[in-house]
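# Survey of secondary and tertiary structure
Chain by chain, the residues run as shown.
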Amino acid sequence: MTTSPHTPLSPPASSPSPSSSRRRTLSALLLLALSAASFAATVPSTPTSPTAPGEAVAGKSSDADFLVAPISWGTCPAAEPPYPDPGPRAQCATVRVPLDWSRPKGPKIGIFVARHRATDPSRRIGVLMSNPGGPGAPGADDALYADDPVSGYTPDMLRRFDMIGFDPRGIGRSRNAECDETIIKSIPARPRDAAEFERLRTLNGRLADSCLERTGPLAAHMDGESVARDMDAIRAALGESRISFIGHSYGTFLGERYARLFPGRLRALALDSAMDPDRPDAERYLVEGSVTTDNTLKRLAAWCEKDTACALRGKDLVAVTDELFARADAGTLRDPGPDGPTSTAVDADQLSDFLTFALGKGGREETAKQLAALYTGRGEVRWIPTGTDISSRLVLCRDYDFRIRDHAQYRAILQRVAEAAPHVRHNSQALDTVLGCQGWTMPPEPRPARAKGPLPPVLVVNATHDLATPLPGARRMARSFPRATLFTMDVVSHWLYRRGATERAMRVIDTYLTDPKG
């Protein structure tokens, strides 16, 4: 699943990453000035259809290529204070694409696109398109703030590429999807019996129907294949024969879809923190995420044995966690307080939720400190709300088939998952995603056939302990291409392309993107 530094696939990993939270905040404050930031074009297949001033319409020719006029870039809207405006090299536009790619002459929607122009045109390689994942993260910020000294690209990359970012259909400035969010509070987070499981399915279905009612048919066309076709429309509107692409988290799924549909249009493909391209069912998805979480707990325990900074040094941290689950099962585990345990009970699901977030996103010292607070009853634990945001459901429930027959099958799957990951029981982010798709009334889309054409060598990058996109899925991603290199870092992390502890991965990716045949 995709949890990117921008937006984790689902809360709790909804924690935005260091490199993306700032961009997302800025993104939410930008409004598209359509008249200034769009472009004009016509579609040969529909010459009489009206086109808004400054917009291009992408059509589908018999050979599946797109026929669009060049983009007329405009000035990007200013950000609201105190946030900085995009830099002077940032430009904005809108590309119009078919709402339903199986009906290229049908209704059109607008895709918000941003560009940061290469700073050294004489050394320009081409365009580097990106997607930050989520799903649900506005991707235009990658270009709008490409020169940010903290979360942006390196100066050398800025010299060599036009950075292209876009908000995927139904996200951000590409007409953000709307649903009746009041329904969410009534959906059981962890169904305890058959009645609650059926209630979850019914309410999920009602939520999906509300998205169709409030957003219209766009809500049913936010799948990865549609976005990949939008990406090729952007390529055509840019006048480029090929693109380089870097995808993070769920963005790696879009990169795989683009390679599957348009192999000859890729110059380079870098996939950071890779989704499983093989459409795992609910059980495999849960097992791999949960085993990764379990192994990460063991890694924390090994550190705790040696480091005096661990609040539980001298104790077997795995055994401590097992005891906490036993107390939760018995109904005796309490939320800690400054003077001792409070009267608030903590159940096993809450404990799994805490472990998923703390192990995946928290620091080692802080995670051990909060485990010690639970163990002794004194201190504080920061509980993170669980759940999957609506954008994730609108996308992932179409791209993956996580459907479970009934509560009996659900309980059997959870039992096998807990046997595979006995010290954490389950990865709550993965479970949130699976449960969010039960009863969803827009069914999964079939995987598109692989088009013929040459692919460049592909680079896949992943952490060994990535709770959002586990390493087994990254291995399958690498094996899905004729020529691919898998680069791993022995760290607990997600989204490696950033400065700091995983900057080595950033250098590897930049080297590859500059010369993919290296």
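Notes on the structure follow. (Residues numbered from 1 in each chain as written. Predicted model: local features only at pLDDT ≥ 70, side-chain atom pairs only at ≥ 80, totals over all residues. Heavy atoms only, no water.)

Here we take up the state of the cysteines. Throughout the structure, instances matching the rule amount to four disulfides. Between the sulfur atoms of Cys 76 and its disulfide mate Cys 92 the distance is 2.0 Å. Around the S-S axis, the bridge from Cys 76 to Cys 92 shows a dihedral of about 105 degrees and counts as right-handed. On the criterion of sequence distance, the pair formed by Cys 76 in the loop between β1 (56-57) and β2 (90-98) and Cys 92 in strand β2 is long-range, its members being 16 residues apart. Neither residue differs from the other here; Cys 76 and Cys 92 are each classed as buried. Between the sulfur of Cys 179 and that of Cys 211 lies a disulfide, 2.0 Å long from S to S. Disulfide Cys 179-Cys 211: the torsion about the S-S bond is 110 degrees, which places it as right-handed. Pair noted here: Cys 179 is in the loop between β5 (161-166) and α5 (194-215) and Cys 211 is in helix α5, with a separation of 32 residues, a long-range link. Since its relative accessible area comes to 0%, Cys 211 is described here as buried. The connectivity of the disulfide bonds within the protein can be written as 1-2, 3-4, 5-6, 7-8, using the sequence rank of each bonded cysteine. (Disulfide = S-S within 2.5 Å. Helix = DSSP H or I, 4+ residues; strand = E, 2+ residues; numbered from the N terminus. Buried < 20%, exposed > 50% of the residue type's maximum accessible area, 1.4 Å probe, protein only.)

A few words now on the pattern of salt bridges. A complete count under the given rule lists 33 salt bridges for this structure. Of the charged contacts, one joins Asp 162 and Arg 124 as a salt bridge, the two residues approaching to 3.0 Å between their closest N and O atoms. In this pair, Asp 162 sits in strand β5 while Arg 124 sits in the loop between β3 (108-116) and β4 (126-131), placing the two residues 38 residues apart along the sequence. With its nearest N and O atoms 2.4 Å apart, the salt bridge here joins Arg 476 to Glu 288. Here Arg 476 is found in helix α15 (residues 471-479), whereas its partner Glu 288 is found in helix α8 (residues 282-306), with 188 residues between them in sequence. Overall, the relative accessible area of 16% leaves Glu 288 in the buried class. Each of Glu 256, Arg 257, Arg 260, Asp 278 and Arg 447 takes part in one network of salt bridges that share partners. (Salt bridge = Lys/Arg side-chain N within 4 Å of Asp/Glu carboxyl O.)

Take the environment of Met 231 next. Within the fold, Met 231 resides in helix α6 (residues 224-238). According to the relative accessible area criterion, Met 231 is buried, its value standing at 0%. Residues in contact with Met 231, not counting those within four places in the same chain, are Met 129, Phe 166, Phe 245, Leu 254 and Tyr 258. (Contact = heavy atoms within 4.5 Å.)

None of the figures reported here should be taken as evidence of function without further support.
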